[in-house]
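Observations on the three-dimensional arrangement
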Amino acid sequence: MPEKKLPAARSGNFIKAVFAIAWKDLSAELRSRELISAMLVFALLVILIFNFALKLDAKTRITATSGILWVTFTFAGTLGLNRSMAVEKDRGCLDGLLLAPVDRSSIYFGKMISNLVFMFIIEAIVLPLYSVLYNVNLFNPGLLLVILLGSVGYIAIGTLLAAMAVQTRTRDVMLPILLFPVVIPVVVAAVEASGGFLQGMVASELMYWINLLLVYDVIFIAIAFMVFDYVVEE
Amino acid sequence: MIEVRKLVKRFGLKTILRGLDFQVGQGEFVALLGPNGAGKTTFLRILASLSRPSLGEIHVAGFSLPHQAAQVRQKLGVVSHMPLLYGDLTAEENLRFFGNMYNTANLNPRIGEVLDLVGLISRRKDLVRTFSRGMQQRLAIGRAVLHDPEVMLFDEPHTGLDQDACDMLDKVLRDVAARGRTVVMTSHDLARVEELATRFDVLSKGIISASINKSELRTDNILTFYKKALAGGNA
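Residues numbered from 1 in each chain as written. Chains lettered and ligands numbered in written order. Predicted model: local features only at pLDDT ≥ 70, side-chain atom pairs only at ≥ 80, totals over all residues.

1. Some details on the overall build of chain B
The helix and strand inventory of chain B stands at 8 helices and 10 strands. Relative to its length of 235 residues, chain B is compact, with a C-alpha radius of gyration of 18 Å against a globular reference of 18 Å. C-alpha atoms of chain B, sized along the principal axes, occupy 50 × 40 × 30 Å. Expressed as a percentage of the 235 residues in chain B, the buried residues total 45%. (Helix = DSSP H or I, 4+ residues; strand = E, 2+ residues; numbered from the N terminus. Rg over C-alpha atoms; globule rule 2.2 N^0.38 Å. Buried ≥ 20, exposed ≤ 12 C-beta atoms within 10 Å, placed from the backbone.)

2. Quick notes on the nonpolar core
In terms of nonpolar packing, the biggest core is built from 142 residues, with Val146(A), Ile157(A), Ala193(A), Leu213(A) and Leu153(B) touching the most fellow members. Among the elements that take part in this core, helix H6 (residues 141–165) of chain A stands out by supplying 14 residues, more than any other. (Core = buried A, V, L, I, M, F, W, Y, C linked by C-beta atoms within 7 Å.)

3. Regarding the interface of chain B and chain A
Taken together, the contact pairs 24 residues of chain B with 21 residues of chain A. Going through the elements one at a time, helix H2 (69–75) and helix H3 (91–101) of chain B are the ones with two or more residues in the side of chain B that touches chain A. Examining the composition of the side of chain B that touches chain A, we find that 4 residues originate from one element, H3(B), more than from any other. Split by residue class, the side of chain B that touches chain A holds 13 nonpolar, 6 polar and 5 charged. (Contact = placed C-beta atoms within 7 Å. Nonpolar A, V, L, I, M, F, W, Y, C, P; charged D, E, K, R; others polar.)

4. Concerning the confidence of the model for chain A
All names here are of chain A. In the predicted model, chain A carries a mean pLDDT of 89, and 95% of its residues have values of at least 70. Confidence, read as mean pLDDT per element, is least for helix H1 (residues 2–32) in chain A (79) and greatest for H6 (95). pLDDT under 50 marks residues 1–5. Its contacts with residues more than four places away, or in other chains, come to 0 contacts. (pLDDT = per-residue confidence, 0-100.)

5. Things to note about the environment of Phe73(A)
Residue and element names in this part refer to chain A. You can see phenylalanine 73 is positioned in helix H3 (residues 58–90). When the C-alpha atoms of phenylalanine 73 and methionine 39 are compared, they prove to be 9.1 Å apart, with 34 residues separating the residues in sequence. Those residues in contact with phenylalanine 73 that lie beyond four places of it in its chain are Glu123 and Ser151.

6. Overview of the sheet that holds strand S3 (residues 29–33) of chain B
Residue and element names in this part refer to chain B. Spatially, S6-S7-S8-S3-S9-S10 is the arrangement adopted by the 6 strands of the open sheet, whose pairing is mixed. With one partner strand each, in any of the chains shown, strand S6 (76–79) and strand S10 (207–213) form the two edges of the open sheet. Adjacent strand axes in the sheet meet at a mean angle of 15 degrees, parallel and antiparallel pairs treated alike. Pairing geometry for S3 and strand S8 (residues 182–186), over 4 bridges, is parallel. Note that in S8 the partner of leucine 32 across the bridge is threonine 186. Contacting S6 and strand S7 (151–155), helix H5 (residues 133–145) runs over the sheet at an angle of about 165 degrees to S6. (Pairing = 2+ DSSP bridges. Axes fitted to C-alpha atoms, helices over the stretch in contact; angles between N-to-C directions.)

7. Considerations on H3(B)
Residue and element names in this part refer to chain B. Taking burial as the measure, the 11 residues of H3 include 10 buried ones, the bulk of the element. The set of residues buried in H3 consists of Ala91, Glu93, Asn94, Leu95, Arg96, Phe97, Phe98, Gly99, Asn100 and Met101. Phi turns positive, to about 55 degrees, at asparagine 103, one or two residues after H3.

8. Quick look at unusual backbone geometry
Of note, the bond from Leu65(B) into Pro66(B) is cis; its omega dihedral lies within 30 degrees of zero at 5 degrees. Relative to the assigned elements, Pro66(B) resides in the loop between strand S5 (63–65) and H2. At Asn135(A), a residue that is not glycine, the phi angle is positive and equals roughly 55 degrees. Following the sequence through the fold, Asn135(A) ends up in the loop between helix H5 (105–134) and H6. Judged by the 9 C-beta atoms lying within 10 Å of it, Asn135(A) falls in the exposed class. Despite not being glycine, Asn103(B) shows a phi value in the positive range, around 55 degrees.

9. Considering the sheet that holds strand S1 (residues 2–11) of chain B
Residue and element names in this part refer to chain B. One open sheet accounts for 4 strands, arranged S2-S1-S4-S5; its pairing is antiparallel. The open sheet is flanked by strand S2 (14–24) and S5, the only strands paired with a single partner. Along the sheet, successive strands turn relative to each other by an average axial angle of 25 degrees, direction set aside. Both S1 and S2 contribute to a ladder of 8 bridges, which runs antiparallel. Among the inter-strand pairings, valine 4 is bridged to a residue of S2, identified as phenylalanine 22.

10. Let's talk about the environment of Ala177(B)
Residue and element names in this part refer to chain B. With respect to the helices and strands, the residue alanine 177 is situated in helix H6 (residues 163–178). Note on alanine 177: 19 C-beta atoms within 10 Å, which makes it partly exposed. C-alpha separation for the pair alanine 177 and proline 83, spaced 94 residues apart in sequence, amounts to 20 Å.

11. Focus: the pairing of strand S4 (residues 55–60) of chain B
All names here are of chain B. Inspection of the sheet shows S1 paired to S4 by 5 bridges, in the antiparallel sense. Looking at the pairing, valine 8 lines up with leucine 55 of S4. One ladder, built from 3 bridges, connects S4 with S5; its direction is antiparallel. Following the sheet pairing, isoleucine 58 is matched in S5 by leucine 65.

12. Remarks on the packing of H5(A) against H6(A)
All names here are of chain A. Viewed as axis vectors pointing N to C, H5 and H6 meet at an angle of 135 degrees, and their least axial separation amounts to 9 Å. When the interaxial angle is binned, H5 and H6 end up oblique. The two elements H5 and H6 meet at a crossing, and its hand is right-handed. Residue-level inspection shows Tyr108, Lys111, Met112, Asn115, Leu116, Met119, Phe120 and Glu123 of H5 in contact with H6, the latter providing Ile147, Ser151, Val152, Ile155, Ala156, Thr159 and Leu160. Looking at side-chain class alone, the contact of H5 with H6 contains 10 nonpolar, 3 polar and 2 charged residues. (Parallel < 35°, antiparallel > 145°, perpendicular 65-115°, else oblique. Left-handed = near helix turned anticlockwise from the far one by under 90°.)

13. With respect to the confidence of the model for chain B
Residues and elements named next belong to chain B. Confidence in the prediction of chain B, expressed as mean pLDDT, is 88, and 98% of residues score 70 or more. Mean pLDDT in chain B bottoms out at H6, which sits at 82, and peaks at H3, which reaches 95. For this predicted complex, the interface confidence score (ipTM) comes to 0.88, while the overall pTM stands at 0.88.

Written out as structure tokens, the structure is:
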């Protein structure tokens, strides 16, 4: 029956649009490498500066690691989020996306997936380098889970706020001003949970922080899904 | 095909459109003229569902705005002075991306047809950032016609193009109109629109202050009509 096909067809179009946008971002980045290289250089510089600025002994190195890692991811992520939306705005491409006959939240999810992939690439490069520089073993499944959850929460709200900030004249300054206060709960939970895993605590002892990350991920994605249409419309 | 009644658009305390009425029939090519700041781009952005009206009724291709915006967007092709294309993708990849966004059927052969129409078939594998402004604008038209829309909106498409590129763009525009599509185009180039359009509307002080069909342009040329319309002598 056509009535029953309609929602399925609509969700099919939605998913197709989400992956078309993510594919477009990844293909363009594969050619230009503007975004990844800027994020990566910045992340490496932050790690190096902390390495030289803080004279850490073996014990404090473990406790400082989670903080240094999340400062690195957060700042590098902001660069990526800004650039990802600026590319759309500068050539009028955001209008091109908004003219498509799809649910506009598909644009949000497409951008979120590509931003998340860029973030994971940076994290995959930063983690082994950090391990070598600071002589800390970061290959802990619990820590990787926390990085996954923290990155999802950060990118979920960051993509929404980047879409808001890009409409302003001071977009480069505006994004961190909007983003950092909102994302504090995610960063605090991620730092606490990461630090716990690095100090040898088990998952059951850190469930409070992991649950907090999960809840924020769900809340941020749900809010963005509901308001993205209004954020991008004049 | 397009029916607008009592359209009002405000940005804060500033009113741009003040109860504008506008109708376009199927297959018409309407040139929307007016001075800078008259609200032509704002009006086209509302028709394209990129901006919400403050007041008024809008119907495009049988659907109302802003409530049936997705259905309207399926029927619309929009070209502005910005190409709305991705420089780091090839011409073909750009069309494939937008074809997927519009859920266009038989996408591969359709991409070939469109590239042929805009004269870029030999450059299909080239990155858009290597294209001249004229080529980008032709590809922008290809993007806009890819899903075979019933209504096309052109917002100053000749901006920044040299003479040769303008002539080539005109050829594509004539071809689009010859296929029976309804076209609304804003422009400041009166001589050029006089050749292309079948009707001329002047948007001034937030309303359509004058309108004339090409067949009625006997004694006056387009420049005289336009000057009279702005002076309030042909409402």
